[in-house]
Amino acid sequence: MEDRATKQHKVTLTDREMLDVSGIINVEKFTDENVILETEQGMLDIKGEKMHMKQLNLDGGLIIVEGHIKSLTYSEGTSSKEKGKGFLRNIFK
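Residues numbered from 1 in each chain as written. Predicted model: local features only at pLDDT ≥ 70, side-chain atom pairs only at ≥ 80, totals over all residues. Heavy atoms only, no water.

**Regarding the sheet that holds strand E4 (residues 34-39)**
Pairing in this open sheet of six strands is antiparallel, and the strands run E1-E2-E6-E5-E4-E3 from one edge to the other. Because the sheet does not close on itself, it has two edges, and the strands there are strand E1 (10-14) and strand E3 (24-30). This sheet shows a mean twist of 35° between the axes of neighbouring strands, independent of strand direction. Relative to strand E5 (residues 42-57), E4 runs antiparallel, the two sharing six bridges. Note on E5: the bridge partner recorded for Val35 is Ile46. (Pairing = 2+ DSSP bridges. Helix = DSSP H or I, 4+ residues; strand = E, 2+ residues; numbered from the N terminus. Axes fitted to C-alpha atoms, helices over the stretch in contact; angles between N-to-C directions.)

Right, here's the structure in full:
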């Protein structure tokens, strides 16, 4: 089985209509105008219109999104789940 630390993160955007992302860990949010993914390289915020999920495979770390893609933005922040764990760790120290 492949270790998450060794998965390659790759983003392929075709004609601003089909987005193929590998190396994803979790889908934090998915609406027709905003998708937030936790990836091997940080959080990825995708903004667009009429977006829908064509394919999702969390075991393989792959998602394919169709729609009109307006922007892709990375942040170094952690997922909401990890934020909660950090908060609890601080309380119980």
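**Digging into the pairing of E1**
Two elements, E1 and strand E2 (residues 18-22), share five bridges in a ladder whose sense is antiparallel. The residue bridging Lys10 from the neighbouring strand is Ser22, located in E2. Adjacent in sequence and paired antiparallel, E1 and E2 are bridged by three residues, among which Asp15 carries a positive phi angle near 50°.

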